[in-house]
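Topology and contacts: notes
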Amino acid sequence: MEIFIKQKIKKVKKGDHSAFEDVVTFYQNKVYQICYRMLGNAHEAEDIAQEAFIRAYTNIHSYDENRKFSTWLYRIATNLSIDRIRKKKPDYFLDAEVKGTEGLTMYSQISADEDLPEDEVESLELQEYIHQEILKLPAKYRSVIVLRYIDELSLQEISDILDIPVGTVKTRVHRGREALRKKLRHV
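Residues numbered from 1 in each chain as written. Predicted model: local features only at pLDDT ≥ 70, side-chain atom pairs only at ≥ 80, totals over all residues. Heavy atoms only, no water.

**Quick word on the overall build of the protein chain**
Along its length, the protein chain carries 9 helices and 0 strands. The linear arrangement of helices and strands in the protein chain, starting from the amino end, is α-α-α-α-α-α-α-α-α. Relative to all contacts within the protein chain whose residues are 6 or more apart in sequence, the contacts with residues 24 or more apart total 66%. When the accessible surface of the protein chain is split by element, carbon and sulfur atoms take 49% of a total near 11300 Å². (Helix = DSSP H or I, 4+ residues; strand = E, 2+ residues; numbered from the N terminus. Contact = heavy atoms within 4.5 Å. Areas by Shrake-Rupley, 256 points an atom, 1.4 Å probe, with all protein chains shown as cover.)

Right under this line is the structure:
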């Protein structure tokens, strides 16, 4: 699939701007998920995901074709999300209401084999609570926790996306996990 994307990128660089539509279609859900998991707000995630594609399109000439396009694009989305987090007031997440049914569909990966509805609701509430606690982490820890455990990226991919050494990624993953463990101690 990476070959298909690289072919589309070459077409865009040559002036075929409609080829970028296929790139957007292929990556739009993943970019939105990264933004949503970092920001915790669907509308902001849509805005940032759209901005990520606009930035990728306008800066396509700076993309190094020897590297994975997805890593470059995810880095743009992650950086834009971090910028948005920095611009927000820090108490935004502390005062935000836990949405009743909104956002619970993000965790619809729970198997529906024979779970009782009460168990499903309890599990969804726990996942929502954990997600809210992740949103309260400092941006530098939140970004690595989301990319490592929710998006399941390797340490090297996270290093490439955030443009920091792998050792720093490991440290931030460890410290972010410890901070999250302290917050979730009573659960």
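**With respect to the side chain of Thr-78**
One can find Thr-78 in helix H4 (residues 69-87). Polar contacts involving the side chain of Thr-78 include one to the main-chain carbonyl oxygen of Tyr-74, which spans 2.7 Å. With sequence-adjacent residues up to four places away left out, Thr-78 is seen in contact with Ile-34, Met-38, Ser-143, Leu-147, Ile-161 and Leu-162. (Polar contact = N/O pair within 3.5 Å; in protein donor to acceptor, adjacent residues only side chain to side chain.)

**Focus: the nonpolar core**
Residues Phe-20, Tyr-27, Val-31, Phe-69 and Leu-162 are the most contacted members of the largest nonpolar core, which totals 46 residues. Among the elements that take part in this core, helix H2 (residues 19-39) stands out by supplying 10 residues, more than any other. Two domains each put at least three residues into this core: domain 1 (2-88) and domain 2 (91-184). In this structure, Phe-69 is in contact with Glu-2, Ile-5, Ile-9, Phe-20, Val-23, Tyr-27, Ile-60 and Tyr-63, ignoring residues within four places of it in sequence. (Core = buried A, V, L, I, M, F, W, Y, C linked by side-chain atoms within 4.5 Å. Buried < 20%, exposed > 50% of the residue type's maximum accessible area, 1.4 Å probe, protein only. Domains from an automatic or database assignment.)

**Notes on the environment of Gly-40**
With respect to the helices and strands, the residue Gly-40 is situated in the loop between H2 and helix H3 (42-58). Distance from Gly-40 to Ile-134, taken between C-alpha atoms, is 9.5 Å for residues 94 residues apart in sequence. Apart from residues no more than four positions distant in its own chain, Gly-40 is found in contact with Cys-35, His-131 and Leu-135.

**A look at the pattern of salt bridges**
Under the defined criterion, the tally for this structure stands at 11 salt bridges. A salt bridge links Asp-22 to Lys-8; the shortest N-O distance between them is 2.7 Å. Placement of Asp-22 in helix H2 and of Lys-8 in helix H1 (residues 2-13) is noted, with a sequence separation of 14 residues between them. Using a relative accessible area of 13% as the deciding quantity, one classes Lys-8 as buried. Linked through salt bridges whose partners overlap, the residues forming this network are Lys-30, Arg-37 and Asp-151. (Salt bridge = Lys/Arg side-chain N within 4 Å of Asp/Glu carboxyl O.)

**Description of a negative patch on the surface**
Residues Glu-118, Asp-119, Glu-122 and Glu-125 make up a contiguous surface patch of negative charge. Along the chain, the position of Glu-122 falls in helix H6 (residues 117-135). (Patch = residues over 30% accessible without salt bridge, like charges linked within 9 Å, V, L, I, M, F, W, Y side chains within 5 Å. Lys, Arg positive; Asp, Glu negative; His and termini not counted. Charge placed at Lys NZ, Arg CZ, Asp CG, Glu CD.)

**Re the packing of aromatic side chains**
Each aromatic ring pair is specified by the distance between its two centres and by the angle formed by the two planes. Considering all chains together, one arrives at 8 aromatic pairs under this definition. Seen from their ring centres, Tyr-32 and Tyr-36 are 6.0 Å apart, and the 25 degrees between their planes marks the pair as stacked. Highlighted residues: Tyr-32 and Tyr-36, both in helix H2, separated by 4 residues, approximately one helical turn. Exposure remark for Tyr-32: the relative accessible area of 24% places this residue in the partly exposed category. Clustering of aromatic rings is evident, with ring pairs tying together Phe-26, Tyr-27, Tyr-63, Phe-69, Trp-72 and Tyr-74. (Phe/Tyr/Trp six-rings, centres within 6.5 Å; stacked < 30°, edge-to-face > 60°.)

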